[in-house]
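Residues per chain, in single letters:
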Amino acid sequence: MPVKNRFAELLPEIIAWRRDFHAHPELMFDLPRTAGRVAELLRSFGADEVVEGIGRSGVVAVIRGRTDSRGRAIGLRADMDALPIEEETGLPHASTAPGKMHACGHDGHMAMLLGAAKYLAETRAFDGTAVLVFQPAEEGGGGGDEMVRDGLMERFGIDEIYGMHNWPGVPLGTFAIRDGAVMAACDQFRITVTGRGGHAAKPHQAIDPVLVASQIVVALQTVASRLTDPLAPVVLSVCTLRAGTGAYNVIPQTAELRGTLRTLDPDLRPAAEAQLRRIATLTAEAAGASAALDWMPGYPATVNAPEPTRAAIAVAQSVAGSVDTGFPPQMAAEDFSYMLNARPGAYIFCGNGDSAILHHPGYEFNDEAIPFGASWYAGMIEARMPLD
Ligand SMILES: [Zn+2]
Ligand SMILES: [Zn+2]
């Protein structure tokens, strides 16, 4: 099963959908035009069921195979939301919405899954049910979580689920994947340090929260470097340090730190939270100040299950020939993780070639990747639910 010939025929049509999505980006859960167009196309292909409004603005299509002897259903997922970025590509189909851009290639994911839907509805060469999932709010809104909470898996009887992301730097026409954790968990924290304000010339009469916050920033680096097994990846970045009014001669009353913690091993998350709390409170206490930690759990790690990963690799190899099966885990996060926590499955990277990086104003999804991605999506359905 190389790239399916049908996708070569459908390519101009799929590219037109992709560029239309690209020109009209929408954010988070607010996707009236995008989700409406996805649903309209799925109906036009003759999908057996198209349900809108799952997980607020998600769309799900059901396509039944020629037979259903085992009662199996396989889910395929694409994301639909864009980013709050001002596009700088200058392309003819560039964003028409100021300050919004499909800079993560979700326009391409939708187009490839729609292409697969059209092919599957035409051919139906599988034994079971294909469930095509178009989710909102991947970029920070937890739309995948919302769909799972809205009963996605139970309502459509999904046994396994598969997702894909285009990846700049992975050669065009190839795939990359790994067994186990592929993307990190992403938690956020805010530390508020309270000291005692005063005159900059009389520090002994004040408690300087700026110095305490600075010591906490330094001490937090031990979470990754001293407190965690060096073979278990942890990234801790303090990204905001806020204190004072802009004055040159006032010790402020408070200081605030904000940052993110990324981990692959789920067991490290509670341990790291406890370490952060201890470091913040005890460092502050040593200076006579106080510190409070707000811990905001984010997306869990995206973890591929062994058997579905083998299946994903086999289909990718048949489509592309070249698959990097030891792709290094990425410390970015992905909310397909919620779907993989609910059902076994796998998440694969589809080569976008030598393009600008994701979330860059000059990024562009590579339309030449469409036949590969669409063939992989459709191939997963035929491979996991073969006709007798
Ligand atoms: Zn993104
Ligand atoms: Zn993305």
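For clarity, every value in this text was computed on a predicted model and none was experimentally measured.

Rules used in this analysis
- Residues numbered from 1 in each chain as written.
- Chains lettered and ligands numbered in written order.
- Predicted model: local features only at pLDDT ≥ 70, side-chain atom pairs only at ≥ 80, totals over all residues.
- Heavy atoms only, no water.
- Donors = N, O, S within 2.8 Å, 3.2 Å for Na, K, Ca; no water.
- Buried < 20%, exposed > 50% of the residue type's maximum accessible area, 1.4 Å probe, protein only.
- UniProt positions renumbered as here; feature names shortened; annotations may be inferred.
- Helix = DSSP H or I, 4+ residues; strand = E, 2+ residues; numbered from the N terminus.
- Domains from an automatic or database assignment.
- Contact = heavy atoms within 4.5 Å.
- Buried area = accessible area lost by both parts, 1.4 Å probe.
- Salt bridge = Lys/Arg side-chain N within 4 Å of Asp/Glu carboxyl O.
- Polar contact = N/O pair within 3.5 Å; in protein donor to acceptor, adjacent residues only side chain to side chain.
- Tetrahedral: all angles 85-135°; square planar, octahedral: opposite > 155°, others 65-115°.
- Axes fitted to C-alpha atoms, helices over the stretch in contact; angles between N-to-C directions.
- Parallel < 35°, antiparallel > 145°, perpendicular 65-115°, else oblique.
- Left-handed = near helix turned anticlockwise from the far one by under 90°.
- Nonpolar A, V, L, I, M, F, W, Y, C, P; charged D, E, K, R; others polar.
- Phe/Tyr/Trp six-rings, centres within 6.5 Å; stacked < 30°, edge-to-face > 60°.
- Lys NZ or Arg CZ within 6 Å of the ring centre and 35° of its normal.
- Pairing = 2+ DSSP bridges.

Once that is clear, we can look at the coordination of the zinc ion (ligand 2). Coordination sphere of the zinc ion (ligand 2), protein contribution only: C104 (SG), H106 (NE2) and H165 (NE2), at 2.1 to 2.3 Å. Ordering the donors of the zinc ion (ligand 2) by residue number gives the pattern C-x1-H-x58-H. H106 sits in the buried class, given a relative accessible area of 0%.

The UniProt entry lists residues 189–280 under the feature "domain: Peptidase M20 dimerisation" (unreviewed entry), expressed in the numbering used here. End-to-end, the C-alpha atoms of residues 189–280 are 11 Å apart, and along that stretch the chain is 33% helix and 33% strand.

As far as domains go, the protein chain holds domain 1 (5–183 + 301–384) and domain 2 (185–298). Its C-alpha centre places domain 1 at a distance of 38 Å from the equivalent point of domain 2. Facing nine residues of domain 1, the contacting portion of domain 2 comprises nine residues. Summed over both partners, the interface of domain 1 with domain 2 comes to about 650 Å²; 70% of that surface belongs to carbon and sulfur atoms. When the area that domain 1 buries against domain 2 is broken down by residue, the three leading residues are A301, M331 and A333, summing to 69%. Applying the counting criterion to the domain 1 and domain 2 interface returns zero salt bridges. Linking domain 1 with domain 2 are one residue pair in polar contact (both at pLDDT 80 or more), by the criterion used here.

Let us now look at the coordination of the zinc ion (ligand 1). The protein atoms donating to the zinc ion (ligand 1) are C104 (SG), E139 (OE), E139 (OE) and H359 (NE2), with metal-donor distances spanning 2.0 to 2.8 Å. In this structure, the zinc ion (ligand 1) is surrounded by four donor atoms whose angles at the metal cover 52 to 149 degrees, and the resulting shape is irregular. Donor residues for the zinc ion (ligand 1), ordered by position in the chain, follow C-x34-E-x219-H.

What follows covers the packing of helix α1 (residues 5–23) against helix α3 (residues 106–123). For the pair α1 and α3, the least separation of the axes is 9 Å and the interaxial angle reads 140 degrees. Relative to α3, the element α1 lies oblique. Taken as a pair, α1 and α3 cross one another with a handedness that is right-handed. For the pair α1 and α3, contact is made by R6, F7, L10, E13, I14, W17, R18, F21 and H22 and by D107, G108, M110, A111, M112, L114, G115, A116, K118, Y119 and E122, respectively. Of the residues that constitute the contact of α1 with α3, the class distribution is eleven nonpolar, three polar and six charged.

This next bit is on the packing of aromatic side chains. For the coordinates displayed, the defined rule picks out nine aromatic pairs. Ring centres 5.1 Å apart and planes at 50 degrees place the aromatic pair F327 and F349 in the tilted group. Residue F327 is found in the loop between β15 (323–324) and α9 (336–342), and its partner F349 is found in strand β16 (residues 345–351); the two are separated by 22 residues along the sequence. A relative accessible area of 0% means that F349 is categorised as buried. Pairwise contacts between aromatic rings join W167, F327, F336, Y347 and F349 into one cluster. Geometry around F29 places R56 over its ring, the cationic atom sitting 3.7 Å from the centre.

Once that is clear, we can look at the sheet that holds β15. On the basis of which strands lie adjacent, the open sheet formed by eight strands has the order β1-β2-β4-β3-β5-β16-β6-β15 and mixed pairing. Pairing within the sheet leaves two strands with one partner each, and these edge strands are β1 (49–54) and β15. Where helix α2 (residues 32–44) meets the sheet, its contacts fall on β1, β2 (58–64) and β4 (129–135), and the angle it forms with β1 comes to roughly 165 degrees. The sheet strands contacting helix α8 (residues 306–320) are β5 (160–167), β6 (175–176), β15 and β16, and the helix crosses β16 at an angle near 30 degrees.

The next point concerns the pattern of salt bridges. All told, the structure shown has 30 salt bridges when counted by the stated rule. We note a salt bridge from E40 to R37, for which the minimum N-O separation is 2.4 Å. Placement of the pair is E40 and R37 together in helix α2, with a separation of three residues, close to one helical turn. Of the residues examined, E40 reaches a relative accessible area of 47% and is grouped as partly exposed. Classification of R37 by relative accessible area gives partly exposed; the value is 26%. Here R149 and D145 are joined by a salt bridge, their closest N and O atoms 3.0 Å apart. Placement of the pair is R149 and D145 together in helix α4 (residues 143–149), with a separation of four residues, close to one helical turn. Three or more residues joined by partner-sharing salt bridges are found here, namely R18, R19, D107, E364 and D367.

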